[in-house]
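# Examination of the molecular architecture
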Amino acid sequence: MNITILKGDGIGPEVMDQGIKVLEKISELYAFPLNFNYGFIGGDSIDRFGVPLTDDTIEMCRKSDSVLLGAVGGEKWNQLPKEIRPEAGLLKIRKELNLFANLRPAILFNQLKDASPLKNSLLEDGLDIMIVRELTGGIYFGEQFHDVIDGVETAWDTMKYMDYEIERIARVAFEIAQKRNKKLTLVDKANVLENSRLWRKIVEKVSNDYKNVELNYLYVDNASMQLVCNPKQFDVIVTGNMFGDIISDEASVITGSIGMLPSASLSDDKFGLYEPIHGSAPDIAGQNIANPLATIMSVAMMLKYSFDMNEAFDRINAAVEKVLENGYRTKDIYEEGKTLLSTTEMGEKVIQYL
Ligand code: IPM
Ligand code: MG
């Protein structure tokens, strides 16, 4: 197994070190060879090479079986022009590696129920939503313009989708829904946007191949409301790049802590990039207090989606659950009466329970 590691900025390196340790432990338990290559992204790459992602690092990723990424961004690079800011590295790696399918599970651990901003009565028996976000198209990558036209400063961004882009993400979503509770919600704005109407058409066509999955549609404004007043109606959500960005933050926070959520960004082979959903959190960087569980669960997703190691996936998640059950917490999810652990101690605890 050949893995490229991109630690990135802020708490990225700290949480990644725990993810790496867990992966090493798994390779020992399941006796497979593991090889790490280290590349650079975000501010880390800007400081070294002047750009947020170099061709060398892209090449290194391409030659690996999978990529594990920490986080990018920080105050220090905020004044740079948009094209060379840390975020540009993230968009570039998604596009270059064709990582069109972004899976963002929002799972509420029973032990963290009280950390959710939602009432407990809305979260009976936990919460388990999978958001499937299109990641290499739409308004993030459409034509942009910013200039003065006839004395008026004008700017636009274009939200464009091609049928095949919608079809391939729809198939990923249906496949996942089929293995879960067989319910898929397309989130769009078809009452206003032409490209949303194309989404409906294509997703409905694909649904003919997945007759056992119940398909429904919600406008994005309504979906945002439903997420906080009736979150349990959702199983799998499929949506475009920008709507997915917005509602995945909303879904993540109702699970109690953004520090707990992993993600996978997949291409059409088994290749994937795995990263925690949280950002670089510069305010707590270097203090050994960040929560490494999202990174550790991203490692679990890597084993499942890129290497078909379902047992190892379950094993890591079970270890995380046991850690929580036994009252161990990092600062972000700490409550009175629990045992406070540092980033490294949390990593070690998970390994102990593995
Ligand atoms: C995310 C982030 C990125 C996005 C930013 C940092 C470019 O918000 O991964 O959700 O908008 O996709
Ligand atoms: Mg986002």
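Residues numbered from 1 in each chain as written. Chains lettered and ligands numbered in written order. Predicted model: local features only at pLDDT ≥ 70, side-chain atom pairs only at ≥ 80, totals over all residues. Heavy atoms only, no water.

The following threshold applies: UniProt positions are given in the numbering used here, feature names are shortened, and annotations may be inferred rather than shown by experiment.
The chain appears in an unreviewed UniProt entry as 3-isopropylmalate dehydrogenase from Clostridium grantii DSM 8605. The Catalytic activity (unreviewed entry) comment attached to the chain in UniProt states, word for word, "(2R,3S)-3-isopropylmalate + NAD(+) = 4-methyl-2-oxopentanoate + CO2 + NADH". As recorded by UniProt, the Subunit (unreviewed entry) comment attached to the chain reads in full: "Homodimer."

### Some thoughts on the domain arrangement of the chain
The test is simple: Domain limits in this description derive from either an automatic procedure or a database domain assignment. Residues are treated as being in contact if the distance between any of their heavy atoms lies within 4.5 Å. Summed over both partners, the accessible area lost on bringing two parts together, with a 1.4 Å probe, is the buried area. We define a polar contact as two N or O atoms separated by no more than 3.5 Å, with the added condition that, inside protein, one atom must be a possible hydrogen donor and the other a possible acceptor, whereas residues neighbouring each other in sequence contribute only through side-chain atom pairs. Every helix listed is a DSSP run of H or I at least four residues long, and every strand listed is a run of E at least two residues long, numbered separately from the N terminus. Amino acids outside the nonpolar list (Ala, Val, Leu, Ile, Met, Phe, Trp, Tyr, Cys, Pro) and the charged list (Asp, Glu, Lys, Arg) are all regarded as polar, and Gly is one of them.
Splitting the chain by domain gives domain 1 (1-108 + 261-354) and domain 2 (117-254). Between domain 1 and domain 2, the residue contacts involve 18 residues of the former and 24 residues of the latter. In total, about 1900 Å² of surface goes out of reach between domain 1 and domain 2, with carbon and sulfur atoms giving 63% of it. Per-residue buried area on domain 1 facing domain 2 is highest for Phe100, Arg104 and Leu108; these three make up 34% of the total on that side. At the boundary of domain 1 with domain 2, the tally comes to eight residue pairs in polar contact (both at pLDDT 80 or more). Mapped onto the side of domain 1 that touches domain 2, the elements with two or more residues apiece are helix H4 (86-96) and strand E4 (101-108). Ranked by residue count, the leading element in the side of domain 1 that touches domain 2 is E4, at eight residues. Of the residues contributing to the side of domain 1 that touches domain 2, the split by class is eleven nonpolar, three polar and four charged.

### Topic: the pairing of strand E3 (residues 66-71)
Condition: Type-normalised accessible area, obtained with a 1.4 Å probe on protein chains alone, sets the label of each residue: buried when under 20%, exposed when over 50%, and partly exposed for intermediate values. A pair of strands is considered paired only if DSSP assigns at least 2 bridges between the two.
Among the six residues of E3, six are classified as buried, and the element is accordingly described as predominantly covered. Summarising the sheet, strand E1 (residues 2-8) and E3 pair through five bridges and their orientation is parallel. The partner of isoleucine 3 across the bridge, within E3, is serine 66. With three bridges connecting them, E3 and strand E12 (residues 272-276) associate as parallel partners. Paired with valine 67 across the strands is leucine 273, a residue of E12.

### Notes on the pattern of salt bridges
Quick note on the threshold: Think of a salt bridge as a Lys or Arg side-chain nitrogen and an Asp or Glu carboxyl oxygen that are within 4 Å of each other.
One pass over the structure, following the stated rule, counts 21 salt bridges. Arginine 48 serves as the salt-bridge partner of aspartate 44, at 3.0 Å between the closest nitrogen and oxygen. With aspartate 44 and arginine 48 both in helix H2 (residues 43-49) and four residues apart, this pair spans about one turn of that helix. A residue is classified by how much of its surface remains accessible, and aspartate 44, at 18% relative accessible area, is buried. According to the relative accessible area criterion, arginine 48 is partly exposed, its value standing at 48%. The salt bridge partner of lysine 76 is aspartate 47, with a shortest N-O separation of 2.7 Å. Taken together, the positions of lysine 76 in the loop between E3 and H4 and aspartate 47 in helix H2 put the pair 29 residues apart, joining distant regions of the chain. Residue classification places aspartate 47 among the partly exposed positions, given a relative accessible area of 46%. Three or more residues are tied together by salt bridges with common partners; here these are Glu167, Arg171, Lys205 and Asp209.

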